[in-house]
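Structural overview
Each chain, letter by letter, is given below.
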Amino acid sequence: MKILMVCLGNICRSPMAEGILRAKSTHLEIEVDSAGTSSYHYGENPDVRAVHTLRKKGINISNLIARQFTTADFDAFDIIFTMDKSNYDNVIALARSNQDKQKVRMLVNELHPGSNGEVPDPYFGGDQGFEDVYNLIDEATDKFLMRLQNEVQ
Ligand code: 4NP
């Protein structure tokens, strides 16, 4: 299964989500990547605050490189998790078919089904925002993997 994490810049939330899910799914046949709906930070490594927050948890995302979401990602991935409603709307706007649209989900709905809750953008805030993003993504990806494993059994 191939999973794409999407946020706005692809330097804070989605590379964190990529690193977190990859770290906890090494025993599963899951591939994880991430992208941004914008090209603002194309080619850059993740924000140092995101790197430091995950380094404390034993996860290294320092080598990831930001890229922009494209329609080809609908073909390459099975599930596309967006971090907030704005990312969701931007990805849905690029969908070419209902099949594309059905791949797109809000990540926080894994934790709180139907809530359409968001992973808040930590870019303009302080370090605590990154810690909060870590905790929310950690919980949401735990729930996602739990559900996935129940489906397989
Ligand atoms: P991200 O955070 O979407 O979680 O990567 C942001 C990074 C950069 C900007 C906004 C959000 N920016 O406006 O440059």
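A brief structural summary. Nothing here was measured: the structure is a model prediction, and the numbers come from that model.

Surveying the vicinity of the ligand reveals the residues Cys7, Leu8, Gly9, Asn10, Ile11, Cys12, Arg13, Tyr40, His41, Asp121, Tyr123 and Phe124. For the ligand, an oxygen atom lies 2.9 Å from a polar atom in the backbone of Leu8. Ile11 has a polar backbone atom sitting 3.0 Å from an oxygen atom of the ligand. Looking at side-chain class alone, the shell around the ligand contains 7 nonpolar, 3 polar and 2 charged residues.

Positionally, Asp73 belongs in helix H3 (residues 72-76). On a C-alpha basis, the gap between Asp73 and Asp100 in space is 9.4 Å, while along the polypeptide they are 27 residues apart. Leaving out residues up to four positions away in the same chain, Asp73 has contacts with Leu4, Arg67, Gln68 and Ile80.

Attention shifts here to the side chain of Arg49. One can find Arg49 in helix H2 (residues 48-55). In this structure the side chain of Arg49 is engaged in a polar contact, spanning 2.9 Å, whose partner is the backbone oxygen of Tyr123. Not counting chain neighbours up to four residues away, the residues in contact with Arg49 comprise Pro122, Tyr123, Gly125, Asp127 and Phe130.

A few words now on the environment of His41. Looking at the element boundaries, His41 is found in the loop between strand S2 (31-36) and H2. Look at His41 and you get buried, because its relative accessible area is 14%. His41 sits 24 residues away from Ile65 along the chain, and the two C-alpha atoms are 9.1 Å apart. Not counting chain neighbours up to four residues away, the residues in contact with His41 comprise Gly9, Ile11, Ala66 and Tyr123.

Definitions and cut-offs
- Residues numbered from 1 in each chain as written.
- Predicted model: local features only at pLDDT ≥ 70, side-chain atom pairs only at ≥ 80, totals over all residues.
- Heavy atoms only, no water.
- Near = heavy atom within 4 Å.
- Polar contact = N/O pair within 3.5 Å; in protein donor to acceptor, adjacent residues only side chain to side chain.
- Nonpolar A, V, L, I, M, F, W, Y, C, P; charged D, E, K, R; others polar.
- Helix = DSSP H or I, 4+ residues; strand = E, 2+ residues; numbered from the N terminus.
- Contact = heavy atoms within 4.5 Å.
- Buried < 20%, exposed > 50% of the residue type's maximum accessible area, 1.4 Å probe, protein only.

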